[in-house]
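Single-letter residue listing:
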Amino acid sequence: MSRFPIRIMLDYPPEETELEIIRKHVNINNITQEENIRSAIKLASNLRKAASLEEIFYSPSLRETIAYSKLVVSGTNAKDAAEIVFANVYHQWGEIEYRKVMDIIASIFL
């Protein structure tokens, strides 16, 4: 949990800009990897919107989309990488919060 009880609302870059930032950190090798990374950016955007509406407690950062991308490029299954990077953090808020995020992941990574 955060040590700071204050929330600061920051805008995230548009999805295309986020992809360009990821490209500076990760060597995307093929179209499948890029499609999976675009899906993760969409997932992160959905989670950020839900957090801004206080439907969930946490908003993923660009670091998490970069971490996800590194896993996918190294050969990790896209949905598994999403669960590792995006879903696991929500366990600290309980099963209901975790299930909400897993449902969003399932809707994006069919």
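Structure shown above.
Predicted model only: the values in this text are computed from it and were never measured. (Residues numbered from 1 in each chain as written. Predicted model: local features only at pLDDT ≥ 70, side-chain atom pairs only at ≥ 80, totals over all residues. Heavy atoms only, no water.)

*Asks:* I keep staring at the packing of helix α1 (residues 15-23) against helix α2 (residues 31-52) and nothing clicks. Help me out?
*Replies:* Helix-helix packing: each pair is described by the crossing angle between the helix axes and the interaxial distance. Interhelical geometry of α1 versus α2 gives an angle of 125 degrees and a closest axis separation of 10 Å. Regarding the angle of α1 to α2, the classification is oblique. In this structure, the crossing between α1 and α2 has a hand that is right-handed. Between α1, through Glu15, Glu16, Glu18, Leu19, Ile22 and Arg23, and α2, the contact on the second element is made entirely by Glu34, Ile37, Arg38, Ile41, Lys42, Ser45 and Arg48. (Axes fitted to C-alpha atoms, helices over the stretch in contact; angles between N-to-C directions. Helix = DSSP H or I, 4+ residues; strand = E, 2+ residues; numbered from the N terminus. Parallel < 35°, antiparallel > 145°, perpendicular 65-115°, else oblique. Left-handed = near helix turned anticlockwise from the far one by under 90°. Contact = heavy atoms within 4.5 Å.)

*Asks:* I keep staring at the pattern of salt bridges and nothing clicks. Help me out?
*Replies:* Two side chains that carry opposite charge are able to pair once their charged atoms sit near each other. Taken as a whole and judged by the stated rule, the model has six salt bridges. We note a salt bridge from Arg38 to Glu16, for which the minimum N-O separation is 2.4 Å. In this pair, Arg38 sits in helix α2 while Glu16 sits in helix α1, placing the two residues 22 residues apart along the sequence. Judged by relative accessible area, which is 44%, Glu16 ranks as partly exposed. Residue Glu20 is joined to Arg23 by a salt bridge in which the shortest nitrogen-to-oxygen separation is 2.6 Å. In this pair, Glu20 and Arg23 are both assigned in helix α1, three residues apart and thus about one turn of the helix distant. Look at Arg23 and you get partly exposed, because its relative accessible area is 33%. Through salt bridges with shared partners, a single network forms among Glu16, Glu20, Arg23, Glu34 and Arg38. (Salt bridge = Lys/Arg side-chain N within 4 Å of Asp/Glu carboxyl O. Buried < 20%, exposed > 50% of the residue type's maximum accessible area, 1.4 Å probe, protein only.)

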